[in-house]
Amino acid sequence: MRLKSSIWVSAYLRRCQKEGVFGAVRRRGAEEAGAVFVKVALLDGNAMLYTPAPQTAYEDSRPFDRIFVPMTKEPVPESSVEQRLAKEIRFDPDAWVVETEDKAGRHFLDLAKG
(Lines give C-alpha, C1' and ligand atoms only; values in the text may rest on other atoms or scores of the structure.)
Protein backbone atom coordinates (compact mmCIF):
# COMPACT_ATOMS: atom_id res chain seq x y z
CA MET A 1 0.00 0.00 0.00
CA ARG A 2 1.37 3.41 -1.01
CA LEU A 3 1.77 6.19 1.55
CA LYS A 4 -1.20 8.59 1.62
CA SER A 5 -0.69 11.62 -0.60
CA SER A 6 -1.19 14.03 2.31
CA ILE A 7 1.54 12.32 4.36
CA TRP A 8 3.92 12.14 1.40
CA VAL A 9 3.44 15.86 0.63
CA SER A 10 4.01 16.80 4.26
CA ALA A 11 7.23 14.77 4.41
CA TYR A 12 8.39 16.19 1.06
CA LEU A 13 7.88 19.77 2.24
CA ARG A 14 9.79 19.04 5.45
CA ARG A 15 12.68 17.70 3.35
CA CYS A 16 12.68 20.85 1.25
CA GLN A 17 12.64 23.04 4.35
CA LYS A 18 15.55 21.07 5.84
CA GLU A 19 17.55 21.79 2.67
CA GLY A 20 16.69 25.51 2.78
CA VAL A 21 14.22 25.39 -0.11
CA PHE A 22 10.86 27.15 0.20
CA GLY A 23 7.92 24.93 -0.65
CA ALA A 24 4.16 25.09 -0.30
CA VAL A 25 1.00 23.26 -1.21
CA ARG A 26 -0.70 25.25 -3.98
CA ARG A 27 -3.56 22.84 -4.38
CA ARG A 28 -4.71 20.20 -1.96
CA GLY A 29 -5.93 17.05 -3.66
CA ALA A 30 -7.44 13.79 -2.51
CA GLU A 31 -6.12 12.90 0.95
CA GLU A 32 -5.60 9.22 0.25
CA ALA A 33 -4.34 8.80 -3.29
CA GLY A 34 -4.37 12.03 -5.28
CA ALA A 35 -1.65 12.37 -7.90
CA VAL A 36 1.12 14.79 -6.86
CA PHE A 37 2.64 17.29 -9.30
CA VAL A 38 5.76 19.20 -8.22
CA LYS A 39 6.67 22.55 -9.77
CA VAL A 40 10.19 23.84 -9.14
CA ALA A 41 10.34 27.58 -9.84
CA LEU A 42 13.88 28.66 -10.72
CA LEU A 43 13.19 32.30 -9.80
CA ASP A 44 14.13 33.52 -13.29
CA GLY A 45 10.75 33.09 -14.99
CA ASN A 46 11.40 29.44 -15.79
CA ALA A 47 10.41 26.25 -14.01
CA MET A 48 10.47 22.47 -14.12
CA LEU A 49 7.42 20.31 -13.61
CA TYR A 50 7.67 16.79 -12.26
CA THR A 51 4.71 14.51 -12.88
CA PRO A 52 3.91 11.07 -11.50
CA ALA A 53 5.75 8.37 -13.43
CA PRO A 54 3.65 5.87 -15.40
CA GLN A 55 3.02 2.54 -13.68
CA THR A 56 5.39 0.84 -16.13
CA ALA A 57 8.29 2.79 -14.57
CA TYR A 58 7.88 1.14 -11.17
CA GLU A 59 10.17 -1.69 -10.18
CA ASP A 60 8.55 -4.93 -9.08
CA SER A 61 10.56 -4.84 -5.86
CA ARG A 62 9.38 -1.30 -5.00
CA PRO A 63 5.81 -0.92 -6.30
CA PHE A 64 4.73 1.46 -3.55
CA ASP A 65 7.32 4.21 -3.96
CA ARG A 66 6.40 7.53 -5.53
CA ILE A 67 8.56 8.25 -8.53
CA PHE A 68 8.40 11.13 -10.94
CA VAL A 69 9.36 12.14 -14.45
CA PRO A 70 10.21 15.66 -15.61
CA MET A 71 7.75 17.21 -18.07
CA THR A 72 10.73 18.42 -20.13
CA LYS A 73 14.50 17.88 -20.05
CA GLU A 74 15.21 21.59 -19.65
CA PRO A 75 13.44 24.40 -17.77
CA VAL A 76 10.54 26.07 -19.60
CA PRO A 77 8.69 29.36 -19.04
CA GLU A 78 6.50 29.21 -15.96
CA SER A 79 3.46 29.95 -18.14
CA SER A 80 3.98 26.61 -19.91
CA VAL A 81 4.09 24.80 -16.59
CA GLU A 82 0.93 26.59 -15.44
CA GLN A 83 -0.89 25.60 -18.65
CA ARG A 84 0.08 21.97 -18.13
CA LEU A 85 -1.04 22.07 -14.48
CA ALA A 86 -4.41 23.54 -15.47
CA LYS A 87 -4.85 20.72 -17.99
CA GLU A 88 -3.92 18.08 -15.41
CA ILE A 89 -6.37 19.51 -12.85
CA ARG A 90 -9.19 19.51 -15.40
CA PHE A 91 -8.39 15.85 -16.11
CA ASP A 92 -7.90 14.88 -12.43
CA PRO A 93 -9.61 17.19 -9.90
CA ASP A 94 -8.10 15.11 -7.06
CA ALA A 95 -4.52 16.10 -7.98
CA TRP A 96 -2.14 17.89 -5.65
CA VAL A 97 0.15 20.74 -6.75
CA VAL A 98 3.27 21.43 -4.72
CA GLU A 99 5.54 24.33 -5.62
CA THR A 100 9.11 24.91 -4.53
CA GLU A 101 11.50 27.74 -5.28
CA ASP A 102 15.17 27.04 -5.86
CA LYS A 103 17.56 28.81 -8.24
CA ALA A 104 19.60 25.60 -8.54
CA GLY A 105 16.51 23.57 -9.49
CA ARG A 106 16.90 21.01 -6.70
CA HIS A 107 13.82 18.81 -6.43
CA PHE A 108 14.66 15.97 -3.97
CA LEU A 109 12.40 13.56 -5.88
CA ASP A 110 12.98 9.96 -6.89
CA LEU A 111 13.04 9.98 -10.69
CA ALA A 112 12.12 7.12 -12.99
CA LYS A 113 15.09 5.47 -14.64
CA GLY A 114 15.50 5.79 -18.37
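In what follows, the structure referred to is the one given above.
Residues numbered from 1 in each chain as written. Predicted model: local features only at pLDDT ≥ 70, side-chain atom pairs only at ≥ 80, totals over all residues. Heavy atoms only, no water.

(A) Spatial organisation of the nonpolar core. Tyr12, Val36 and Val38 are the most contacted members of the largest nonpolar core, which totals 16 residues. Taken together, the elements giving at least two residues each to this core come down to helix 1 (5–18), strand 2 (36–41), strand 3 (46–52) and strand 6 (96–101). Excluding residues that lie within four positions of it along the chain, valine 36 makes contacts with Ser5, Trp8, Val9, Tyr50, Pro52, Arg66, Phe68, Trp96 and Val98. Within the second largest apolar cluster, 8 residues are counted, among which are Phe37, Ala47, Leu85 and Ala95. (Core = buried A, V, L, I, M, F, W, Y, C linked by side-chain atoms within 4.5 Å. Buried < 20%, exposed > 50% of the residue type's maximum accessible area, 1.4 Å probe, protein only. Helix = DSSP H or I, 4+ residues; strand = E, 2+ residues; numbered from the N terminus. Contact = heavy atoms within 4.5 Å.)

(B) How the structure looks around the environment of phenylalanine 108. Tracing the backbone through its elements, the reader meets phenylalanine 108 in the segment after strand 6. Phenylalanine 108 sits 95 residues away from leucine 13 along the chain, and the two C-alpha atoms are 10.0 Å apart. The residues touching phenylalanine 108, leaving out its near neighbours within four places in the chain, are Tyr12, Arg15, Cys16, Glu19 and Val21.

(C) Here's a closer look at unusual backbone geometry. The phi dihedral of leucine 43 falls on the positive side, at around 65°, and the residue is not glycine. Summarising the element assignment, leucine 43 is placed in the loop between strand 2 and strand 3. The phi dihedral of phenylalanine 108 falls on the positive side, at around 60°, and the residue is not glycine.

(D) Focus on the packing of aromatic side chains. In the structure shown here, the tally under the stated rule is 2 aromatic pairs. Plain terms: the ring middles of tryptophan 8 and tyrosine 12 are 5.1 Å apart, the flat faces sit at 5° to each other, and that makes the pair stacked. Of the two residues, tryptophan 8 and tyrosine 12 both sit in helix 1, 4 residues apart, roughly one turn of that helix. For tryptophan 8, a relative accessible area of 15% corresponds to the buried category. Looking at tyrosine 12, the relative accessible area reads 4%, which means it is buried. Here the aromatic rings of tryptophan 8 and phenylalanine 68 are separated by 5.4 Å at their centres, their planes lie at 35°, and the arrangement is tilted. Here the residue tryptophan 8 occupies a position in helix 1, and phenylalanine 68 occupies one in strand 4 (residues 68–70), the gap between them amounting to 60 residues. (Phe/Tyr/Trp six-rings, centres within 6.5 Å; stacked < 30°, edge-to-face > 60°.)

(E) Molecular detail of the pairing of strand 6. Strand 6 sits mainly inside the fold: 5 of its 6 residues count as buried. Here strand 1 (residues 22–27) pairs with strand 6 via 5 bridges, running antiparallel. Paired with valine 25 across the two strands is valine 98, which belongs to strand 6. In terms of strand pairing, strand 2 meets strand 6 through 6 bridges, oriented parallel. Bridge pairing in strand 6 places lysine 39 opposite glutamate 99. (Pairing = 2+ DSSP bridges.)

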